[in-house]
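Chain by chain, the residues:
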Amino acid sequence: MYHKGTSKAIIAEAKQKHIGTRLWKYRYLYLLAFPGMLYFIIFRYVPMYGVVIAFQDFRINKGIWGSEWVGLAQFSKLFQGFSFPTVFKNTVVISLYKLIFGFPAPIILALLLNEVKNARFKKVTQTIVYLPHFISWVILAGLISMFLHPDSGLINEIVKVFNNGRGIDFLVSKQYFRGILVITDIYKGVGWGSIVYIAAISAIDSTVYEAAMVDGANRLKQMWYITLPALKSTIVVMLILNMGGILNAGFEQILLLYNPLVYDVADIIDTYVYRNGIMSSNYSLSTAAGLFKSVISMGLIIITNKIAHMMEEDGLW
């Protein structure tokens, strides 16, 4: 028994020494990661205790622990809201449109950029397509409104040529509004989203392409049989992450572009909660909506990750 206990103590001491050695060896990497970890701890994990107000009739003057507990009443109020079925449908539909049309766009862009052989032209192109990511939606919404203005917008000047001199007020049209959301979202994010895929492509061994060229494979076949299969794991991981945000249809974008005339096709959970929760100081309702979205997102991530494993692909875990 003494020998066994001594062995356990020696093993534990060795493990502690090993951990300490590793911490010291990679101290600069941990130091580099520390600000990011601190950010998530302070702004992501610490505020999580506030989720309890989703189960309360929260009052600012009473505080979190002084407010009345109401159980699932806030969720019932959220789901039974007159507009909630339409709002939920809009959220899912807009998110699916953005996923279906927006998810492949960075992949296609990365594949096309990979085929550009002129280094200078490639760098200029990358810079141009990355820039919209750094433009605030406030500025971009203003530009979109100017371009789509029914009387003097550039787009409508083109439309008038083919429409007997009449422009279209796109931003108040239920027919076009969702399309505008999808197109502008792709425009803003496609360049930045392609960075991950460009990095993955750059890691592919160039000798594979050389061997394919010797075998007579043209650039299209190289793209289809070498580049795309090499990107499969990256695509799966990015798809899982995108599925987790399926209920995030773009709050800031929609808030800045929509108006009461297109509420039927554009009002999403976030904008609905903003008007009926935050603007009315009903913080418990807005927290309940946020928690509802988080639970759905977590479920979708788990399901998508499970499907990835069933297809023998690497998932998030």
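Values in this document were obtained by computation on a predicted structure and should not be read as measured data.

Using a probe with the size of a water molecule, rolled over the atoms, empty space left in the structure can be pinpointed. Of the voids in this model, the largest pocket is the one considered here, and its volume is about 950 Å³. Lining the largest pocket we find 28 residues, and of these Lys98, Asp185, Gly189, Gly193 and Asn242 sit closest to its centre. Looking at the lining of the largest pocket, the elements that each hand over two or more residues are α4 (84-102), α9 (174-202), α11 (219-244) and α12 (251-257). Grouping the constituent residues of the lining of the largest pocket by class yields 14 nonpolar, ten polar and four charged. Going through the elements one at a time, α2 (27-45) and α15 (283-310) are the ones with two or more residues in the lining of the second largest pocket. Among the residues making up the lining of the second largest pocket, the classes are represented as five nonpolar, six polar and two charged.

What follows is about helix α7 (residues 137-147). For α7, the set of buried residues is Trp137, Leu140, Ala141 and Ile144. One side of α7 holds all its buried residues, which, seen down the axis, span an arc of 100°. What points out from α7, more than 90 degrees from its buried face, is the exposed set Val138, Ile139 and Met146. For α7, the secondary structure elements touched by its buried residues are α9 and α12. N-capping of α7 is provided by Ser136, with a side-chain oxygen placed 3.1 Å from the backbone N of Val138.

For Ser281, which is not a glycine, the phi torsion comes out positive at approximately 60°. You can see Ser281 is positioned in the loop between α14 (269-278) and α15.

It is at 8 Å that the axes of α14 and α15 come closest, and there the two elements cross at 160°. Judged by the inter-axis angle, α14 sits roughly antiparallel to α15. Crossing angle aside, the handedness with which α14 passes α15 is right-handed. Residue-level inspection shows Ile269, Asp270, Val273, Asn276, Gly277 and Ile278 of α14 in contact with α15, the latter providing Tyr283, Leu285, Ser286, Ala289, Phe292 and Lys293. Looking at the contact of α14 with α15 residue by residue, the classes come out as seven nonpolar, three polar and two charged.

What counts, and where the lines are drawn
Residues numbered from 1 in each chain as written. Predicted model: local features only at pLDDT ≥ 70, side-chain atom pairs only at ≥ 80, totals over all residues. Heavy atoms only, no water. 1 Å grid on protein atoms, 1.4 Å probe; cavity = no way out; pocket = protein on both sides within 12 Å on 5 of 7 lines; lining within 4 Å. Points joined across faces, edges and corners; volume = space filled by probe spheres on them. Helix = DSSP H or I, 4+ residues; strand = E, 2+ residues; numbered from the N terminus. Nonpolar A, V, L, I, M, F, W, Y, C, P; charged D, E, K, R; others polar. Buried < 20%, exposed > 50% of the residue type's maximum accessible area, 1.4 Å probe, protein only. Arc of directions from axis to C-beta. Contact = heavy atoms within 4.5 Å. Polar contact = N/O pair within 3.5 Å; in protein donor to acceptor, adjacent residues only side chain to side chain. Axes fitted to C-alpha atoms, helices over the stretch in contact; angles between N-to-C directions. Parallel < 35°, antiparallel > 145°, perpendicular 65-115°, else oblique. Left-handed = near helix turned anticlockwise from the far one by under 90°.

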